[in-house]
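Listed here are the chains, written in short residue letters.
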Amino acid sequence: MSTLSTGHPTTAELHAKFAIDDVVRVVDAASEFPVVEIDNAWASVRIAVHGGQVLSYQPHDEAPVLWVSDTAAYVHGKSVRGGIPICWPWFGVHPDPAMPSHGFARNLFWQLIAVKQDEDGCTEVLLCLEDDEQSRLLWPHAFQLQLKVSVGKTLSLALTMVNSAEESVELTAALHSYFDVGDIARTSVRGLDGVEYIDALQDSRRFTQSGNVQFDAELDRIYQQTSGDEFIDDQLRGRLIHLQKSRSDSTVVWNPWIEKSAGMNDFVEGGYRRMVCVETGNMGADLVRLATGASHTLGVTISVQRLRDN
Ligand code: TA6
């Protein structure tokens, strides 16, 4: 088997092993950056092997559902700006400033394990990440992560984390989803009314959400103890993006607005107007404790409801 400089299979090798005629191919989004491209009866989806990162999701006859920056970088060692980066085994900044924010899983090369197509035209992709000497320098525990992506009438992600260490572990995690909207000023998030949140922009003080979440400035909130469905009301496009969570008690809502996004070189100018992050996870007081050998599966199912014909 030929290998990349990273010791991983080449894109050609992955294509030869996993391609499915007319539905699935593996191509390079950049040098040594293999991406699984799915175009089945339901939707088009791209998944980067690096980071186990869903990059795009577009149901046929629908506008893109996930947002990716036009100036995103496709390089080893960091996540692509957009799509659904996987934040694991910690969410947010680490107490040690030398450690990467949002954990390390999104910065490492995963393994493509399986690609399946069922009789309903649904395509399933399985990727995994296991501990190695590099990860153990950052987090001294044995683990296995598995991401199952199912592309059918909906897009589903199921992130299973297995504690294969001899000791129990505590972790926080998120599916850090960037959604594509017509205009952030005409976008709101439903389903969080009455939920307590930590405001990252107000010294992590706690507040209670009143009504729908709306946007007219930078917003960065961690909602706690909330496991219900959420809806992104993309008013300009006349659609609701429906999020159904599984074993997630926290939701993060984030828009960097003008100044913060201008300071990120992989955030296309004005891109803040076309995106909103609504992230499915467990963080803060909702952290996950795993005994040795135990596992936890964090999931989200994403679908679009049309409110009017465009
Ligand atoms: O999820 C919101 C957040 O924690 C923000 O504070 C911002 O840092 C964002 O994640 C993006 O983080 P990143 O490390 O991907 O630039």
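Higher on the page you've got the structure.
Note that the structure is a prediction, hence the values are computed from the model and not measured. (Residues numbered from 1 in each chain as written. Predicted model: local features only at pLDDT ≥ 70, side-chain atom pairs only at ≥ 80, totals over all residues. Heavy atoms only, no water.)

### Examining the overall build of the protein chain
Argument step 1. When helices and strands are counted, the protein chain shows 3 helices and 23 strands.
Argument step 2. Taking the principal axes of its C-alpha atoms as reference, the protein chain extends roughly 55 × 50 × 35 Å.
Argument step 3. Across the 310 residues of the protein chain, 54% fall into the buried class.
Argument step 4. Counting contacts in the protein chain only where the partners sit at least 6 residues apart, residues at least 24 apart contribute 62% of the total.
Argument step 5. Entry remark: accessible area of the protein chain is about 13,400 Å², with carbon and sulfur atoms responsible for 46%.
Argument step 6. Distance between charge centroids for the protein chain: 4 Å, based on 25 positive and 42 negative side chains. (Helix = DSSP H or I, 4+ residues; strand = E, 2+ residues; numbered from the N terminus. Buried < 20%, exposed > 50% of the residue type's maximum accessible area, 1.4 Å probe, protein only. Contact = heavy atoms within 4.5 Å. Areas by Shrake-Rupley, 256 points an atom, 1.4 Å probe, with all protein chains shown as cover. Lys, Arg positive; Asp, Glu negative; His and termini not counted. Charge placed at Lys NZ, Arg CZ, Asp CG, Glu CD.)

### Considerations on the sheet that holds strand β6 (residues 111-117)
Argument step 1. The sheet built from 9 strands is open, its strands ordered β6-β7-β8-β9-β23-β19-β18-β13-β16 with antiparallel pairing. Edge positions in the sheet fall to β6 and β16 (213-214), since each of these pairs with one other strand and no more.
Argument step 2. Direction of pairing for strand β13 (residues 187-190) relative to strand β18 (residues 230-234): antiparallel, over a ladder of 4 bridges. Looking across to β18, one finds that S188 is bridged to D233. (Pairing = 2+ DSSP bridges.)

### Focus on the site of the ligand
Argument step 1. R81, F91, S101, H102, R106, H176, D220, V252, W254 and E279 make up every residue found near the ligand.
Argument step 2. One nitrogen or oxygen atom from the side chain of S101 is found 3.2 Å from an oxygen atom belonging to the ligand.
Argument step 3. Between an oxygen atom of the ligand and a side-chain N or O atom of H176, the distance comes to 3.0 Å.
Argument step 4. Against a free-state accessible area of 390 Å², the protein chains account for coverage of 80% of the ligand.
Argument step 5. Looking at side-chain class alone, the shell around the ligand contains 3 nonpolar, 3 polar and 4 charged residues. (Near = heavy atom within 4 Å. Polar contact = N/O pair within 3.5 Å; in protein donor to acceptor, adjacent residues only side chain to side chain. Nonpolar A, V, L, I, M, F, W, Y, C, P; charged D, E, K, R; others polar.)

### A few points about the nonpolar core
Argument step 1. Of all hydrophobic cores here, the largest spans 77 residues; its most connected members are W88, L155, F179 and I302.
Argument step 2. Here this core gets 5 residues from one element, more than from any other, and that element is strand β8 (residues 143-151).
Argument step 3. Every residue in contact with I302, bar those within four places of it in the chain, is listed here: Y57, V65, I84, T154, L155, F179, I241, H242 and L243. (Core = buried A, V, L, I, M, F, W, Y, C linked by side-chain atoms within 4.5 Å.)

### With respect to the sheet that holds strand β4 (residues 53-59)
Argument step 1. Taken together, 4 strands build an open sheet; the order of strands is β1-β2-β3-β4 and the sheet is antiparallel. Taken across any chain shown, the strands that pair with only one partner, and hence form the sheet edges, are β1 (24-28) and β4. Adjacent strand axes in the sheet meet at a mean angle of 15°, parallel and antiparallel pairs treated alike.
Argument step 2. Note: strand β2 (residues 34-39) against strand β3 (residues 43-48), 5 bridges, orientation antiparallel. Looking at β3, one finds that E37 is bridged to R46.
Argument step 3. Strands β1 and β2 of the sheet are contacted by helix α1 (residues 11-18), whose axis makes an angle of about 180° with β1. (Axes fitted to C-alpha atoms, helices over the stretch in contact; angles between N-to-C directions.)

### Section: the packing of aromatic side chains
Argument step 1. Taken as a whole and judged by the stated rule, the model has 13 aromatic pairs.
Argument step 2. Members of the aromatic cluster, joined through ring pairs, are W88, W90, F104, W139 and F143. (Phe/Tyr/Trp six-rings, centres within 6.5 Å; stacked < 30°, edge-to-face > 60°.)

### What to know about unusual backbone geometry
Argument step 1. Looking along the chain, the bond that leaves W88 and enters P89 is cis, with omega of 5°.
Argument step 2. Tracing the backbone through its elements, the reader meets P89 in the loop between β5 (86-87) and β6.
Argument step 3. Despite not being glycine, D203 shows a phi value in the positive range, around 50°.
Argument step 4. Residue placement: D203 occurs in the loop between β14 (196-199) and β15 (205-208).
Argument step 5. Residue D203 is classed as exposed on the basis of its relative accessible area, which comes to 70%.
Argument step 6. Phi at S204 is positive, roughly 55°, even though this residue is not glycine.
Argument step 7. With respect to the secondary-structure elements, S204 resides in the loop between β14 and β15.

### Quick look at the side chain of S177
Argument step 1. Structurally, S177 is set in the loop between β11 (173-175) and β12 (178-180).
Argument step 2. Owing to a relative accessible area of 1%, S177 belongs among the buried residues under this scheme.

### What to know about the state of the cysteines
Argument step 1. In the structure shown here, the tally under the stated rule is 0 disulfides.
Argument step 2. C87 carries a free sulfur, and the closest cysteine sulfur to it, the one in C277, is 9.2 Å from it. (Disulfide = S-S within 2.5 Å.)

### Points about α1
Argument step 1. Turning to α1, its buried residues number three or more, namely T11, L14 and F18. Down the axis of α1, the buried set is contained in an arc of 60°. They therefore lie on one face. Pointing more than 90 degrees away from the buried face of α1 are the exposed residues A12, A16 and K17. (Arc of directions from axis to C-beta.)

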